[in-house]
Amino acid sequence: DEEASAGEKDGDEIRIGALFPLTGSLALLGNESYDGIKLVADVVNENGGINGKQISLVKADAPDATAAQSEANRLISQEKVPLIMGTYSSGLSIAATQVAERNGTIYVESNAVSDEITERGFENIFRVTESASMQGDAAVSFTNEYLAPDFGVKVDELTAVIMHEESSFGTAVATSIEEKAENLGIELLSIDSYNSETNDLSSTIHKYKELKPDIVFATSYINDAILFIQQSKQLNFKPKAIVTTSGGYALSDFGEALGEDSNGIYVADAPSNPNEEALTEEAIKLKEQFTERWKEEHGTELTGQTWRVINAALVMFTEVLPNAESLDADGIRNALSQVDIPLGELPNGSGVKFNEIDGQPGQNSRAEIVMMQWQNEDLNLVWPGDFATEKADNSLLFSK
Amino acid sequence: MMLKIKSLNAYYGDLQAIRDVSLEVGHGEIVALLGVNASGKSTTVRAISGLIDRMEGEIYYNKELINDIPPNQRTEMGLIQVPEGRQLFPFLTVRENLEMGAFTKEARSKLNENLERVFALFPEMKNKEKQLAGTMSGGEQQMCAIGRGLMSNPRLIMLDEPTLGLAPLIVKRIFGIIEEFRAMRITVLLIEQNVKQSLKIADRAYMLSNGKIIKEGSSSELMNSDDVVQGYLGV
Amino acid sequence: MVSKSKLLEINNLGKSFGGNWAIKGVDITVRKGELLGIIGPNGAGKTTLFNMVTGFLKPTEGIIRFKDKDIANLKPHNICNIGIARTFQIVKPFGNLSVLENVTIGVLRYERDVNKAKEIAREKVKLVGLEKYMDTTASSLPLGHRKRLEMARALATDPEVIMLDEVMGGLNDDETAEMMNLVKTLHNKGLTILLIEHNMHALMSLSERVVVLCYGKKLADGTTDEISSNQEVIEAYLGSDDDAEN
Amino acid sequence: MLNKIPKFTWVFVGLFLLTIIFQERFFLDMLVMTFIWAAIASAWNITGGYAGQFSLGHAGFLGLGAYTSTILYVNFGISPWVGMLIGGIIAAALAYVISILCLRLKGPFFTLATIAFAELIFISATQLRGVTQGSMGMSIPYEPGFANMIFVETKTYAIIMFIFMIIVYLLSSYIKRSKMGFYLTAVKEDPDAAQSLGINIKKIKSTSACISAFFTAIGGTLLANYLLFIEPENVLELQISIHIAMIAIVGGMNSPAGPIIGSILLTPLEIILRGYATQVAGLHLMFFGLILILVVLYKPNGLVEGFKMPKFMKKKALTGGDPDGKQIKAS
Amino acid sequence: MILQLIAGGILIGGVYALMAVGLTLIFGVMRIVNFAHGEFVMVGMYLTFILYASLGIDPYLSVLIVTPFMFLLGWMLNGLLIKRLIGAPHVTQIFVTVGLSMLLMSLALIIFGADYLSVRSPLTTQVLDVGVLLGVPQVIAFIISMMVSVIIYLFLKKTFIGKAIRATTQNRSSATLMGVDVKKIYALTFAIGTGLTGLCAAILLPIYPAYPTIGLGFVLMTFVVVVMGGLGSIPGAMIGGIIIGVIETVSAFYFDPGWKEAFYFVIFILILLIRPQGFFGQIGAEEL
Ligand SMILES: Nc1ncnc2c1ncn2[C@@H]1O[C@H](COP(=O)(O)OP(=O)(O)OP(=O)(O)O)[C@@H](O)[C@H]1O
Ligand SMILES: Nc1ncnc2c1ncn2[C@@H]1O[C@H](COP(=O)(O)OP(=O)(O)OP(=O)(O)O)[C@@H](O)[C@H]1O
Ligand SMILES: [Mg+2]
Ligand SMILES: [Mg+2]
């Protein structure tokens, strides 16, 4: 493939496309994701790069699906990158991966979770992080394994509602929660979708007050996550547990906006700060290194969201690319299929192995997903046991 | 002299509408400005009110050079124009239109007094007080426009075709009102197509053609001048 | 006159605006080829009458027939297409178009070919004496010329009846005379004309018959002589002394 | 001989040559986008420019076209070439209904109504998940083939989009020169006067709206089959309506060449700015905002015209304007 | 329950109303189609945030700074841009203000990044329980909003300025001839309209975080409210805002929250079709 090999054109540089929504309504996490990749690239470069070649990130802005395609096109044909990493948002990813697949360029999804991305069986599309159904799975498993026993009931006696923002992220996660919860016999009282740009969720909360579910499963972006918790508190809506998945609930802006009102909320997410016992020594070192460096450069804590990107970048920059026979699609694809990182070796506790899930050859089957809880305005890992740093505590929710 | 204009040129974009126009209006005088369509009558009046962007020449009002005074302040000085084609505020009621006439401080203090005077002159307006100005008949709008001009407490009033579209009876009334202005010491600059009648009440008159003044003099002089007789009264 | 056929018949026509009757119970018959003058004080309902005949206003009550067909419910463009054209008292030029283009749009009603339509339009522009302004944008015409443009445009639709609403307002005597000539010429060509005019001299010398409206009612209907000596009309509209001629 | 050909033809010849010469996908992609937005903006211009029916709801038609052909193809295997026509007809029918309903609305009110209609379509597309898969969007499986309207080469797309642009352009300039063009202008300038000259406003407005919507929807299908992925946000958002109108305005609304010029200037500029002004996120939007303001203020007739002072800056209204003022239309 | 929903809707509506009062001045009175109105709110929110973050000024107190600041900003923008739009075709207006909104959004992104900045006030999650639950910040916002609307209403109604503004939009040259300083009137109106967005921003920040695109969510809704209430009508904006607020909460409860915007768009279209002058607008005034 002539274009891909041209990625080496400068000899001492490997150009890698970084495609994220840098403007528009998804800009917050888009930029943060880019910063994550940048951080890894900087560290790798400082340590001598990939086999002596420096990584050069080619930044691309994908505020909407059309732009995502157009920019993917540019990265491939104009910038001649052999590898694109992106895009944080599922819709954008679906659009951009089409272009990559068609043009035979490897595309590694770092944080979008929609199952469709890897379900289409594309040969050039890989995802290091978990899929939506894995997220849903974690939320429901946690309910089954921890919450139900803790409430002292059988899991099929629980009632729940699912509330999700209506884009592909929220919808995909909600679909998976619905399926898994039904399998366990959890009674779903209501499933509600809403536009994440809404400025009021009180009606939905009133409805839930009447339905009195034990558990609220929520998937939101940031603005709506804040709104939901704020209004729930205001309107005195207090279910036994609020189990959320990733998105806005895992962000530091969320904690800052709500202060102690954030306490008690569960967030299923890629781990950001797992119990060090679950990690290898190497992973611990990396974890500390990145946490510190991020704090230095950005002044905030690393969230699970950014860890996803860092993981993906680490895998690509330290495992895949150095071992690729050639820096073209075939070479990188081969290297990807040979990656075999056991659980716990990545700084957030995940491992990497592709080709293990039926029909989803590009999905990493060892993407770890854990349950965290806001405690003392901090996000702590509480489940599963071997990863946990703190104990889950149901009494924290709206305790003040 | 109340109003004195020296060598006025006015342009619309590149098109020159009036050339080297000079005219004077004395205190308490009624001066008529005559001329065929497109001769530049309205342009002259607009220039005096300050509504023309590109102009040269000097305009003195009460001996003061007012070239640089913005139009709204000219109104405050009592230099009032009743524009051609009514130019009412279509979505204000008749009464609100009249009240707008009394926007300046001085006029506002005499609002009620003036309002009564207008209603006395045009009882039609009293009945239509609450109608939106834009829904009135053409003639009714013309009355409202003149009324609005009176509300501004004019010292010099420039009437641009005030009788346009008015029934003969009302036309007569308007000319009556103009005569009353003389009694009230309000100076008048009158643009009219109704030449005969205008000359009858005016002291002096100017005649414009193609943007230039081609004739000026007392009304009786003009009445008998060949140009006027041929151009206007020859029918 | 008796031999001419009825062209336009208006029966018991009425229009109310929120309870106020601008026109009520008016009957008018117009015969083919007639030149009918319509006068009345300001606000008498003359323009409202035109608006109803030309479909711009729906009558509150009454009947309007054109060639024995009820036209009270037709839309303005239908009215134009059956041969009734009008001008607007408050002129409505297409401001950003040239005079020629303004008139061409009228011609396009029956001549699809734009170039041919332009040729015909050129004639109409000449007819009203605006040939010097053929390519001037309408918005920069002074009022007098706009009135002519109104007229040219209405004529361009090739009407059978033309309704002229104060086309001589704002013209000086000379220009009025030209306009009168034009109206006369049109009339001689067989056009049926309804003429609203406050210029009594023009109206009286042109009209064959005059209808007087007053406060929405028909006050009189007759020959010019009958009207100018009608005491009620004099009181309501003309005024008593000789000034009325202007 | 050559000087008989209108100048603007050379622009097309040039564009076509570029389509043939360019090999790099990046440039071809730029051409594809330029052509398709030029065509859609031209379609918009027929009602938005000529008739002054300033719609900011055309994304609705674009989305209808994209969704109709995609749904028919993905679910029933109906060729997008057929789906394209069906989408066009549905969009035209909807445009007819909207234009009849909004017949009496003027200026900003019409615009706001079109926004509202397009938002309703957007919301429906998001909520009717059974049909549209909601905001998850719909992917078109990549199975190249003429019948599927999916091509391996970007160049093929570029040629198809070029042809589409030429068709819409020719239609638009024919309309502009014909009776219909005059009538549309008349309706825009003064509806009352237009009616008095025998123009059926309802018919002329709805006809232009239908034509415009039909071709916009066709553009939607073409775009969908180029992108192979549609979601409400990339084919139905208000931003897209604004984008379409913006191209026509920046190019010039009263001329058939305007939207083409607009797209030739704006589309590559957008792609380049977005691609290369990434150091500071948001910089390209700022550029765009500035360009928009400057062009609209200083070249209100679009870049298609030579530099002229904008009309309203000559203070037309202050120096007379309409001597008869405004009279409220009798209702 | 319905009472609770309506109460909640009324409170939200109060905030919408305040935004709409500003827009009804700019759109309804000056006839400038201002698509950047939401972005003015956004600018105000950032300013409130800065005052809070750097000087610790409570948002409710910073009203006193933010409102005048936005007033001045409005005055400046008018001088720079908006005055050129007066009497311009509305196409021009829409696109200049769309350009302005793009500009402001991208500036915010460049300066503040895409973070969601919020102010945590002790009041944020306080509630009043008066049979129905009312959020304290919402109640405060509602009260301020209603008070200010009434003040603006009285100002417009009772002073000659109000009439002059209306007259000026209808016929600029005539207004000049009446002695109205047209330029000043426009600058004042636009500045008041913009100043109100500052007020709005300050009372919103305790409820919603500030981020670059927050304005987009408000602007269409605000237009809906303005048209619904009737152009230029302050009581219309107030009642329109409350109606939209109630429609939102009630429809989101009884139907799907995903459809709630559809409800007000449908109502908007119906109003445009049936009563284009809105509830309180002058008949025919929308034709200008
Ligand atoms: N707004 C304008 N833009 C361009 N030209 C104009 C404008 N207004 C007037 N003119 C031109 O200026 C010249 C003088 O016009 P003006 O209105 O002063 O004439 P007038 O004597 O008042 O005519 P009328 O009796 O018809 O009112 C005319 O040739 C006219 O075409
Ligand atoms: N839309 C409307 N709403 C309310 N009243 C109206 C409306 N249109 C006209 N009128 C009233 O109806 C009456 C008749 O108006 P019309 O325009 O027919 O008078 P006219 O005879 O043409 O007068 P003029 O000679 O002054 O033009 C007037 O009193 C006018 O105020
Ligand atoms: Mg004049
Ligand atoms: Mg009349």
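Heads up: the structure comes first, above all this text.
Owing to the predicted nature of the structure, the values given are computational and were not obtained by experimental measurement. (Residues numbered from 1 in each chain as written. Chains lettered and ligands numbered in written order. Predicted model: local features only at pLDDT ≥ 70, side-chain atom pairs only at ≥ 80, totals over all residues. Heavy atoms only, no water.)

Draft legend 1. Looking closely at the overall build of chain A. Check the secondary structure of chain A and you find 13 helices and 12 strands. Rg of the C-alpha trace for chain A: 21 Å, near the compact-globule value of 21 Å for 400 residues, within the 12% margin. The principal-axis extent of the C-alpha atoms belonging to chain A is close to 65 × 45 × 40 Å. The buried share of chain A, taken over its 400 residues, is 71%. Once local pairs closer than 6 in sequence are excluded, the contacts in chain A between residues at least 24 apart make up 68%. Roughly 12200 Å² of accessible area belongs to chain A as shown, and the carbon and sulfur atoms make up 40% of that amount. On chain A, the mean spot of the 28 positive side-chain charges and the mean spot of the 67 negative ones are 2 Å from each other. (Helix = DSSP H or I, 4+ residues; strand = E, 2+ residues; numbered from the N terminus. Rg over C-alpha atoms; globule rule 2.2 N^0.38 Å. Buried < 20%, exposed > 50% of the residue type's maximum accessible area, 1.4 Å probe, protein only. Contact = heavy atoms within 4.5 Å. Areas by Shrake-Rupley, 256 points an atom, 1.4 Å probe, with all protein chains shown as cover. Lys, Arg positive; Asp, Glu negative; His and termini not counted. Charge placed at Lys NZ, Arg CZ, Asp CG, Glu CD.)

Draft legend 2. Representation of the overall build of chain E in the model. From N to C terminus, chain E includes 11 helices and 2 strands. When its helices and strands are written in sequence order, chain E yields α-α-α-α-β-β-α-α-α-α-α-α-α. Taking the principal axes of the C-alpha coordinates as reference, chain E spans close to 55 × 45 × 35 Å. Counting across all 288 residues of chain E, residues that qualify as buried make up 70%. Total accessible area computed for chain E in this model is approximately 8900 Å², and 73% of it derives from carbon and sulfur atoms. If the 13 positive side-chain charges of chain E are averaged to one point and the 10 negative ones to another, these points end up 17 Å apart.

Draft legend 3. Geometry of the arrangement of the chains. Of all 7 pairs of chains in contact, the one with the most contacts involves chains D and E. At the level of C-alpha atoms, the two units chain A and chain B stay apart, their nearest approach being 37 Å. Spatially, chain A is disjoint from chain C: no contact exists, and the shortest C-alpha separation is 39 Å.

Draft legend 4. Representation of the site of ligand 1 within the structure. Around ligand 1, the surrounding shell holds 20 residues, and the nearest of these are Asn 37, Ser 42, Thr 43 and Glu 84 of chain B together with Ser 140 of chain C. Chain contributions to the surroundings of ligand 1 come from chains B, C and D. The separation between an oxygen atom of ligand 1 and a polar side-chain atom of Thr 43 of chain B is 2.4 Å. Glu 161 of chain B has a polar side-chain atom sitting 3.3 Å from an oxygen atom of ligand 1. Taken by itself ligand 1 offers 630 Å² of open surface, and the protein chains cover 88% of this. (Near = heavy atom within 4 Å. Polar contact = N/O pair within 3.5 Å; in protein donor to acceptor, adjacent residues only side chain to side chain.)

Draft legend 5. Expanded view of the coordination of the magnesium ion (ligand 3). Note on the magnesium ion (ligand 3): its protein donors are Ser 42 of chain B (OG) and Glu 84 of chain B (OE). The metal-donor distances range over 1.8 to 2.1 Å. Pair noted here: Ser 42 of chain B is in helix 1 (residues 41–49) and Glu 84 of chain B is in the loop between strand 6 (79–82) and helix 3 (94–101), with a separation of 42 residues, a long-range link. (Donors = N, O, S within 2.8 Å, 3.2 Å for Na, K, Ca; no water.)

Draft legend 6. A look at the side chain of Asn 153 of chain B. Residue and element names in this part refer to chain B. When you line up the elements, Asn 153 lands in the loop between helix 7 (138–151) and strand 7 (156–160). Look at Asn 153 and you get buried, because its relative accessible area is 13%. In terms of polar contacts, Asn 153 uses its side chain to reach the side chain of Asn 114, at 3.5 Å. Ignoring anything within four residues of it in the chain, the contact list for Asn 153 reads Gly 78, Glu 106, Ala 107, Lys 110 and Asn 114.

Draft legend 7. Region of the structure containing the coordination of the magnesium ion (ligand 4). Residue and element names in this part refer to chain C. For the magnesium ion (ligand 4), the full set of protein donor atoms is Thr 47 (OG1) and Gln 89 (OE1), and the range of their distances to it is 1.9 to 2.1 Å. With Thr 47 in helix 1 (residues 46–53) and Gln 89 in the loop between strand 6 (84–86) and helix 3 (99–107), this residue pair connects regions lying 42 residues apart in the sequence. Given the relative accessible area of 23%, Thr 47 is considered partly exposed. On the accessibility criterion, Gln 89 (8% relative accessible area) is buried.

Draft legend 8. Main features of a negative patch on the surface. A cluster of acidic residues, Glu 281, Glu 282, Glu 319 and Glu 345 of chain A, forms a negative patch on the protein surface. On the secondary structure map, Glu 319 of chain A appears in helix 12 (residues 304–323). (Patch = residues over 30% accessible without salt bridge, like charges linked within 9 Å, V, L, I, M, F, W, Y side chains within 5 Å. Salt bridge = Lys/Arg side-chain N within 4 Å of Asp/Glu carboxyl O.)

Draft legend 9. Summary view of the interface of chain D and chain E. Contacts between the two partners involve 48 residues from chain D and, on the opposite side, 45 residues from chain E. Approximately 4300 Å² of surface area, both sides summed, lies buried where chain D meets chain E, with 81% of it carried by carbon and sulfur atoms. At the surface where chain D touches chain E, the tally comes to 0 salt bridges. Applying the counting criterion to the chain D and chain E interface returns 4 residue pairs in polar contact (both at pLDDT 80 or more). With 14 residues, the top contributor of residues to the side of chain D that touches chain E is helix 5 (residues 107–127) of chain D. (Buried area = accessible area lost by both parts, 1.4 Å probe.)

Draft legend 10. Structural detail: the state of the cysteines. Residue and element names in this part refer to chain D. Taken as a whole and assessed by the stated rule, the structure comprises 0 disulfides over all chains. Cys 102 provides the cysteine sulfur closest to Cys 210, a residue in no disulfide bond, and the two sulfurs are 13 Å apart. In this structure Cys 210 comes out as buried when scored by relative accessible area, which is 19%. (Disulfide = S-S within 2.5 Å.)

Draft legend 11. View of the sheet that holds strand 5 (residues 125–127) of chain A. All names here are of chain A. In spatial order, the strands read 2-1-3-4-5; together these 5 strands make up an open sheet with parallel pairing. Looking at which strands have only one partner, the edges of the open sheet turn out to be strand 2 (54–61) and strand 5. In this sheet, neighbouring strand axes are inclined to one another by 25° on average, regardless of whether the strands run parallel or antiparallel. Taken together, the 4 bridges between strand 3 (residues 83–86) and strand 4 (residues 106–109) define a ladder with parallel strand orientation. Each bridged residue has a counterpart across the sheet, and for Met 85 the counterpart in strand 4 is Val 108. The sheet contacts of helix 4 (residues 90–103) involve strand 1 (13–20), strand 4 and strand 5, and relative to strand 4 the element is tilted by about 160°. (Pairing = 2+ DSSP bridges. Axes fitted to C-alpha atoms, helices over the stretch in contact; angles between N-to-C directions.)

Draft legend 12. View of the nonpolar core. In terms of nonpolar packing, the biggest core is built from 475 residues, with Phe 317 of chain A together with Phe 95 of chain E touching the most fellow members. In terms of residue count, the dominant contributor to this core is helix 2 (residues 25–50) of chain D (17 residues). Beyond its immediate chain neighbours, meaning those up to four positions away, Phe 317 of chain A contacts Ile 16, Ile 37, Val 40, Ala 41, Val 44, Ile 50, Ile 55, Leu 57, Met 85 and Pro 322 of chain A. Among the nonpolar cores identified, the runner-up in size contains 28 residues, and Ile 10, Phe 66, Ile 79 and Val 161 of chain C belong to it. (Core = buried A, V, L, I, M, F, W, Y, C linked by side-chain atoms within 4.5 Å.)

Draft legend 13. The pattern of salt bridges, seen in detail. Residue and element names in this part refer to chain A. Evaluation of the coordinates by the stated rule reveals 45 salt bridges over all chains. A salt bridge links Glu 46 to Arg 293; the shortest N-O distance between them is 2.7 Å. Of this pair, Glu 46 sits in helix 2 (residues 27–46) while Arg 293 sits in helix 11 (residues 281–298), and the two are 247 residues apart along the sequence. On the basis of relative accessibility, which here comes to 52%, the residue Glu 46 falls in the exposed class. Residue class for Arg 293 comes out buried when judged on its relative accessible area of 18%.

Draft legend 14. Geometry of the pairing of strand 1 of chain A. All names here are of chain A. Counting buried residues along strand 1, 7 of its 8 residues qualify, which places the element largely inside the surrounding structure. Inspection of the sheet shows strand 1 paired to strand 2 by 8 bridges, in the parallel sense. Looking across to strand 2, one finds that Phe 20 is bridged to Asp 61. Strand direction decides the pairing type here: strand 1 and strand 3, joined by 3 bridges, are parallel. Opposite Gly 17, over in strand 3, you have Ile 84 as the bridge partner.

Draft legend 15. Up close: the site of ligand 2. The environment of ligand 2 is made up of 20 residues, and the closest members are Lys 128, Ser 137 and Gly 139 of chain B together with Thr 47 and Thr 48 of chain C. More than one chain approaches ligand 2, the contributing ones being chains B and C. Between ligand 2 and Ala 44 of chain C there is a distance of 3.2 Å, counted from an oxygen atom to a backbone nitrogen or oxygen. One of the side-chain nitrogen or oxygen atoms of His 198 of chain C is found 2.9 Å away from an oxygen atom of ligand 2. If ligand 2 stood free it would expose 640 Å²; the protein chains cover 88% of that surface. Every element with two or more residues in the shell around ligand 2 is listed here: helix 7 of chain B together with helix 1 of chain C. For the shell around ligand 2, the class distribution of residues is 4 nonpolar, 12 polar and 4 charged. (Nonpolar A, V, L, I, M, F, W, Y, C, P; charged D, E, K, R; others polar.)

By themselves these figures say nothing about function.
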